Amino acid sequence: DARLKGTVYRIRGSVPASSYLQLPRTGTQSLGLAGRYLYLLFRPMPRKHFVVHLDVATEENQVVRISFSNLFKEFKSTATWLQFPFVCGAAKGSAADRAARTSRRGLVGAAPADVRWTCLVLDLHSILSLYLNRRYGHLKSVKLCSNLLVKNLCTSDLVFDPGVTFSEAQQADLACRGVAPMPREMAFPVPKGEKWHDLYDYIRFPSEGSKLPYDSIQKSCLGPVAVSEDPVRQLPQPVTLTKAVRDRLSLIHQITSPKAVSAPW
């Protein structure tokens, strides 16, 4: 890809279940990646739908599938499967962007014509803890289903901020807060005089410090940190879950929570 100055994988097809890229290739293998955060650099194809499946293992070796897609209309969950609607972002200032900003929950559905490249950061540890009361072990596999473009993906225990340079990170001493600049292999190019957040979308899910479950994945803040003398963080808006979802989450927590055992005397 000339604009991104690197290799881009295009996954397309009319049926997501039969048009996909799977890592590793066979179900008997495992990636075994233990990093807390999954970073995915991708762009949904305009006016199309896509699906992504992540199979993760808990510390108890229970396999849980985490899926997100702009095909999903609502959040669904079982003890072994979480499905999140994904809201695609449009170019800043476009008609689709203005419509999403005025909508209470964004626009779920096919990607807009001017959908942007996105850096998605999934906190796998927090997702399992918040939604299933489980402890994250490792990432087993990734299945990227049509229709989307993918630049790269990785896992790490560090929070990478794509909007800061190495020199800015040193000046702000971000390392002591567990934050680092995006590695070169995972970086989107930024022309001189431009700002990263004006060109691309950054989505962290769940949002930093979130104590409540969210029922969709969408852009809610500028980034993981602000590099300024007086940073002002844009907090994500809380999402109200339906009663059915709240009841299901409550039931899952009751089933998976450790039970007290009284010893006989």
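Refer to the structure above for everything that follows.
What you see is a predicted model, and the numbers here were worked out from it, not measured in a lab. (Residues numbered from 1 in each chain as written. Predicted model: local features only at pLDDT ≥ 70, side-chain atom pairs only at ≥ 80, totals over all residues. Heavy atoms only, no water.)

(A) Region of interest: unusual backbone geometry. Residue P24 follows L23 across a cis peptide bond; omega there is -10°. You can see P24 is positioned in the loop between β2 (20-23) and β3 (37-44). The amide bond that connects F205 to the next residue, P206, takes the cis arrangement and shows omega of -10°. Structurally, P206 is set in the loop between β13 (201-205) and α5 (243-256). At K5, a residue that is not glycine, the phi angle is positive and equals roughly 55°. Within the secondary structure, K5 is located in the segment before β1 (9-11). K5 sits in the exposed class, given a relative accessible area of 71%. (Helix = DSSP H or I, 4+ residues; strand = E, 2+ residues; numbered from the N terminus. Buried < 20%, exposed > 50% of the residue type's maximum accessible area, 1.4 Å probe, protein only.)

(B) Representation of the pairing of strand β9 (residues 136-145). Taken across its 10 residues, β9 has 7 buried, putting it largely inside the fold. As judged from the 4 bridges shared by β2 and β9, these two strands associate in the antiparallel manner. Within β9, the residue paired with L23 across the bridge is V142. As judged from the 8 bridges shared by strand β4 (residues 51-58) and β9, these two strands associate in the antiparallel manner. (Pairing = 2+ DSSP bridges.)

(C) Looking closely at the pairing of strand β10 (residues 148-156). Among the 9 residues that make up β10, 8 are buried, leaving the element largely enclosed by the rest of the structure. As judged from the 3 bridges shared by β1 and β10, these two strands associate in the antiparallel manner. Note that in β10 the partner of R10 across the bridge is L149. Sheet topology note: the β3/β10 ladder contains 8 bridges and is antiparallel. Across the sheet, residue L38 finds its bridge partner in β10, namely T155.

(D) Highlighting the environment of L124. Assignment of secondary structure puts L124 in helix α2 (residues 124-132). Spatially, the C-alpha atoms of L124 and I66 are 9.1 Å apart, while their sequence positions differ by 58 residues. Residues within four places of L124 in sequence aside, it is in contact with G35, R36, L38, L54, V56, I66 and Y136. (Contact = heavy atoms within 4.5 Å.)

None of this, on its own, says anything about what the molecule does.
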